[in-house]
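Residue-level structure breakdown
Residues per chain are reported as follows:
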Amino acid sequence: MHRPKEPVGPQTPLKGARRASSRDTTHREDLRPGLGTFRRAFSLVSRRASSQASDSWRSSRILFRSLRRSLDDKPAADECQASAVPEAGHGPEVPSRVTHGVSRQSSTRVEPEELEPEAGKSVADLITERQLLTAFQQLQHLETQLVAEKASHTFEQDPTDYARRAMDVCLHYDGLAAEIRTIVRETLGPDGVDAKTLAEVAHVVRAEEEAHPESPADGDFLRTPRRWRQHWEDAVKRNAQERVQQAGAAEAQEVDKGASSLARLLAELGGLVRHDLQKVQLEVQPAYAAAGFPAWETYLRAYHSAVAQRLQELAQDALGCEQLYTLLDWAANVYGSPNFLDAPDLTLSTEPLPPLLAPDVWAKLESDYTSFLETKIASYLDNILQLEQSRWAAAKAPEVLQGRYHTPLSIDIHMLVAEHVKAAGAISAELEATTLRICAQALGLFVPRFQKAFLESEAVNEPHLGANINACEELRTSLLARFPGAFTELEKPLVAATCFFQKQLLQGWQDDVKPLFRVLCTKDWLTEDPLQPLMDKVVAFADHLEHVDPLRAQETLQEMHRYVVREYLAQVLRPRERFRGVERTTASQRMGLDAQIIDDTFQGLGSEATWLGQAIPCVADILGETYKADIQQHLEALIRSYPDIRRDHVLAILALRHLGHRQNQHLLQHAQDLLRASAQAGASGTRGRVLFAEIEVSTSMDMLIACIWCPWT
């Protein structure tokens, strides 16, 4: 390329270069400002430059204004401005013309030339066309030539001229840097940027690093490293922040209305980050990598930081248990998922990223969530209790599912616990453990409330009691098995509630059959069969037990068996009428038949309390024994089988026979020896068996007569 007056080197003239002053050389030198004036003028230029809004290179005349805008945040530009001075009498609107061979003191104003393609293009045009590497090479050539001229003392007579020309080069460097930022901003936009341009960015950044590896020893601002790699990274961070902040802008206005709005916002945020990172991985990174420039980690960390900032802002405004969990869940399970990018060969990072939320922020979120969760769990249990009360009030019998009385209580509680524990476990093991503790404490308070509310209702009957027993057993066994160690403290109130419902179930039946025992051991009893109505009620009640948990049903059945035998013996030992002679023998036979009926009935129902079968027959044998000498054998069998028998019981049994004083004395003394021996032996085979100890006998005249001359101690 040639200028009109003299040949030039291979560099290309800058489009929009500074016009030369029309004043003559002498006049210019007279008006040349001093260094202080120059710095003050340039400072004014810098302040005015900060208000410029244009960022595009559309013409040579607006180039300077476009570049000047970036000076505030670019260290290299600041250094340029600090040393460069605009010519006095000319504003900073047009940069100095920086071309080879042009007189620095020309008095002719020269307009920028529109060069033909074969003659080359200006740096401004190259930047506008995004031929970044070519533009940088042109600027580098101009910089090298300018430094060489300075070294040859060309500017000794006019040092400010070097500053002006160096400033022109710096401004074009800044213009190139501004274009890099624009490219970064457009890369993930709707139109995107082609791979060739991205490669140009990579090449020019690396070329600048090679051209300016370190600050010059003489402090020349022109050769100061411009740190374009850092500027590029800052541009990536800024672009990521802008895009992340724009995501979900509409939903952000409605976040305070509930968790659904927050969920939609996070879904949109996740979609944007996923889309952008996929594009970086599949399109942007290959273009940069081809030029030996890593981009993936920079973009990844930029988006990670932007998402963390946005999430922390949302955390400050989160309200309620649902919103807090939505944030925790999105951070841990959506963004933190290895499949977040929806591609098996794409992962968020090959190196650990910083926590999405700071540990203290995360801890506060979990703490706030658990505080809300305590109230939420208690509220859910209140609702469950209200549902149960509505079923009781409806006087509708519980359903029978899989052969058992069923209430939704157990399923509702299981679902409540499982849902919240699973949700908490998906976030962290610590939150899962805390949730289990909250559920256990809440259930520990709920069970007694449920028990009390049921007792106050009108639904205390066999089916509902059986359903509640089943529910408590299901909760006790399944919760302890599914969450070992977490619900240990809940076992005690559940067992207590089960025993309470069992007791209520049995108490209702006992109150129903108790009057039937009053006809035993009477004159009518000898000729009638009053035991059959009792057995009918036993069988009818046992039908309900078939729909109760087998273990608890067996316990209840054995307790029924024990109650029948105990109450029968109580009637025998406290007879309303005394039998003598034939009546006593008949009563003994009747007792034997009744004992067989009772034993057969309960054995048929599945009672495993076989130890009760000898009590009534032993007393019947003593009552009807013809040979008095054999009474001792029957008494021994009774004491061995039932070591809880007391002196009063032996006296009451002997009083039924009306034996002589001497024989009573002998039998009582022998019974005393047997009881002492049994107590010393411990009677391990009969431990826990209680029958006679619960039978109270009155001190009748016959018993007093039997005790006369009896040395019982």
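Residues numbered from 1 in each chain as written. Predicted model: local features only at pLDDT ≥ 70, side-chain atom pairs only at ≥ 80, totals over all residues. Heavy atoms only, no water.

1. Observations regarding the overall build of the protein
A count of helices and strands for the protein gives 27 helices and two strands. In the protein, of all internal contacts separated by at least 6 residues, the share reaching a separation of at least 24 is 79%. Here the protein has roughly 33,500 Å² of accessible surface; of this, 51% comes from carbon and sulfur atoms. (Helix = DSSP H or I, 4+ residues; strand = E, 2+ residues; numbered from the N terminus. Contact = heavy atoms within 4.5 Å. Areas by Shrake-Rupley, 256 points an atom, 1.4 Å probe, with all protein chains shown as cover.)

2. Some details on the pattern of salt bridges
Taken as a whole and judged by the stated rule, the model has 29 salt bridges. A salt bridge links E179 to R130, with the nearest nitrogen and oxygen atoms 2.8 Å apart. Of the two residues, E179 is situated in helix α7 (residues 159-187) and R130 in the loop between α5 (123-128) and α6 (132-151); the sequence distance between them amounts to 49 residues. Taken individually, E179 and R130 each receive the classification buried, so the pair is uniform in this respect. Between E209 and R229 there is a salt bridge; the shortest N-O distance is 2.6 Å. Of this pair, E209 sits in helix α8 (residues 195-211) while R229 is found in helix α9 (residues 228-246), placing the two residues 20 residues apart along the sequence. (Salt bridge = Lys/Arg side-chain N within 4 Å of Asp/Glu carboxyl O. Buried < 20%, exposed > 50% of the residue type's maximum accessible area, 1.4 Å probe, protein only.)

3. Focus on the confidence of the model for the protein
Predicted confidence across the protein gives a mean pLDDT of 79, with 77% of residues reaching 70 or more. Counting interchain partners and residues more than four positions distant, the pLDDT-below-50 stretch residues 1-119 has 231 contacts. (pLDDT = per-residue confidence, 0-100.)

4. Considerations on the nonpolar core
Counting 183 residues, the largest nonpolar core has L176, W232, V273, Y299 and F487 as the members making the most contacts within it. The element contributing the most residues to this core is helix α16 (residues 429-455), with twelve residues. Sequence-distant contacts of V273, defined by excluding residues within four places in its chain, comprise V244, Y303, V307, Y335 and F340. (Core = buried A, V, L, I, M, F, W, Y, C linked by side-chain atoms within 4.5 Å.)

5. Some thoughts on unusual backbone geometry
With a phi angle near 65 degrees, H153 is a residue other than glycine that sits in the positive phi range. Note on placement: H153 falls in the loop between α6 and α7.

6. Focus on the environment of L416
Relative to the helices and strands, L416 resides in helix α15 (residues 409-425). Each C-alpha atom, one on L416 and one on Y380, is 7.9 Å from the other, the two residues being 36 residues apart in sequence. Ignoring any residue separated from it by four or fewer positions in sequence, one finds L416 in contact with I377, Y380, L381 and I384.

7. Some words on the packing of α6 against α7
Each pair of packed helices can be described by the angle between their axes along with the distance between the axes. The interhelical angle for the contact between α6 and α7, taken along N-to-C directions, is 160 degrees, at an axis separation of 10 Å. When the axes of α6 and α7 are compared, the pair comes out roughly antiparallel. Seen along the crossing, α6 lies across α7 with a hand that is left-handed. Touching L132, A135, F136, L139, Q140, L142, E143, L146, E149 and K150 of α6 are Y162, R165, A166, V169, H172, Y173, L176, E179, I180 and I183, all from α7. Residue classes in the contact of α6 with α7 are distributed as 13 nonpolar, two polar and five charged. (Axes fitted to C-alpha atoms, helices over the stretch in contact; angles between N-to-C directions. Parallel < 35°, antiparallel > 145°, perpendicular 65-115°, else oblique. Left-handed = near helix turned anticlockwise from the far one by under 90°. Nonpolar A, V, L, I, M, F, W, Y, C, P; charged D, E, K, R; others polar.)

8. Some details on the packing of aromatic side chains
Counted under the stated rule, the structure contains 24 aromatic pairs. Ring centres of W232 and Y288 lie 5.4 Å apart, and the angle between their planes is 65 degrees; this geometry places the pair in the edge-to-face category. Residue W232 is located in helix α9, and its partner Y288 is located in helix α11 (residues 259-290); the two are separated by 56 residues in the primary sequence. For W232, a relative accessible area of 1% corresponds to the buried category. Under the relative-accessibility criterion, Y288 is labelled buried at 0%. Plain terms: the ring middles of W509 and F541 are 5.8 Å apart, the flat faces sit at 35 degrees to each other, and that makes the pair tilted. A residue pair is termed long-range when its members are at least 10 positions apart, and W509 in helix α18 (residues 488-513) and F541 in helix α20 (residues 531-545) qualify at 32 residues. The ring of F340 has R274 lying over it, and the distance from NZ or CZ to the ring centre is 4.6 Å. (Phe/Tyr/Trp six-rings, centres within 6.5 Å; stacked < 30°, edge-to-face > 60°. Lys NZ or Arg CZ within 6 Å of the ring centre and 35° of its normal.)

9. What to know about the side chain of E366
Mapped onto the fold, E366 is located in helix α14 (residues 359-393). Buried charge without a partner: E366 forms no salt bridge, and the closest opposite charge is R437, 10 Å away. A distance of 3.0 Å separates a polar atom in the side chain of E366 from a polar atom in the side chain of S428. With residues near it in sequence (within four places) discarded, E366 still touches L328, I427, S428 and L431. (Lys, Arg positive; Asp, Glu negative; His and termini not counted. Polar contact = N/O pair within 3.5 Å; in protein donor to acceptor, adjacent residues only side chain to side chain.)

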